[in-house]
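What follows is the residue order along each chain.
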Amino acid sequence: SSVMQNTVTGNTANGTGGGILHNSGNDASFVGNSVNGNTAGTVGGLYVLVSNITVTDNTINGNTVLASNGIGGGFYATSATNLVLMDNVISGNFVHGASSDGGCVYHNSGNGAMYVGNTISNNTATDLGGGAFIQGSGHLFNDNTIADNLCGSSGGGVYLNGQNSTWSVNVITSNQAASNGGGVF
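Residues numbered from 1 in each chain as written. Predicted model: local features only at pLDDT ≥ 70, side-chain atom pairs only at ≥ 80, totals over all residues. Heavy atoms only, no water.

Regarding the side chain of Asn-175
And then number 1: By secondary structure assignment, the location of Asn-175 is in the loop between strand 26 (171–173) and strand 27 (176–177).
And then number 2: Residue Asn-175 is classed as buried on the basis of its relative accessible area of 12%.
And then number 3: A distance of 3.0 Å separates a polar side-chain atom of Asn-175 from the backbone oxygen of Ile-146.
And then number 4: Of the polar contacts made by the side chain of Asn-175, one reaches the backbone nitrogen of Asn-149; its length is 2.9 Å.
And then number 5: Each residue touching Asn-175, except ones within four places of it in the same chain, is listed here: Ile-146, Ala-147, Asp-148, Asn-149, Gly-156, Gly-157, Gly-182 and Gly-183. (Helix = DSSP H or I, 4+ residues; strand = E, 2+ residues; numbered from the N terminus. Buried < 20%, exposed > 50% of the residue type's maximum accessible area, 1.4 Å probe, protein only. Polar contact = N/O pair within 3.5 Å; in protein donor to acceptor, adjacent residues only side chain to side chain. Contact = heavy atoms within 4.5 Å.)

Spelled out as structure tokens, the structure:
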């Protein structure tokens, strides 16, 4: 299914997906959407639970997760065997319950994801990955700006739990971690 050029603003969910929750089918494409100012218990802006995900040219901004152990203030992907996150602006998202991870992006399964040309900035997590919390191996990070993110533990810009990822031509600056890996852990 495709979700294109929508404005999703100011919505609230006590559970997951304050802005958009998509959990059916094998493929999902999100292009040119504005997902801003949404609030949820566990996943703030965009929550996607399918195999093949393309997220391109979106603005995901100012989304909030309230619950303890919250995840993915801006974007959360699980069960994704193929993930492409390209040319998005993901900023000002906040997960603030105790032990909350991935202020901007939380990707917890799948290998070989592509993160290309994104701006990930001014996001906050109380625990791991102020900008992003990413698991899996063999990811490509190319031409991203990861700046001014903050976390209460490790991985101010990105917390990466995996191996063999490729990083090229990224700008990683002014991120802060209370513990380890101000830029990337």
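A look at the sheet that holds strand 12 (residues 75–77)
And then number 1: Strand order across the open sheet formed by six strands is 4-8-12-16-20-24, with parallel pairing between neighbours. Either end of the sheet is taken by a strand with one partner, and the two such strands are strand 4 (20–22) and strand 24 (158–161). Averaged over all pairs of adjacent strands, the angle between their axes in this sheet comes to 5°, without regard to strand direction.
And then number 2: The pairing of strand 12 with strand 16 (residues 105–107) spans three bridges and is parallel. (Pairing = 2+ DSSP bridges. Axes fitted to C-alpha atoms, helices over the stretch in contact; angles between N-to-C directions.)

Structural notes on the confidence of the model for the protein chain
And then number 1: Across the protein chain, pLDDT averages 92, with 100% of residues at or above 70.
And then number 2: The lowest-confidence element of the protein chain is strand 16, averaging 88 in pLDDT; the highest-confidence one is strand 22 (residues 145–147), averaging 98. (pLDDT = per-residue confidence, 0-100.)

Remarks on the environment of Gly-110
And then number 1: By the element assignment, Gly-110 lies in the loop between strand 16 and strand 17 (114–116).
And then number 2: Judged by its relative accessible area of 23%, Gly-110 falls in the partly exposed class.
And then number 3: Through-space distance from the C-alpha of Gly-110 to that of Thr-59 is 23 Å; in sequence the pair is 51 residues apart.
And then number 4: Every residue in contact with Gly-110, bar those within four places of it in the chain, is listed here: Ala-80, Gln-135, Gly-136, Ser-137 and His-139.

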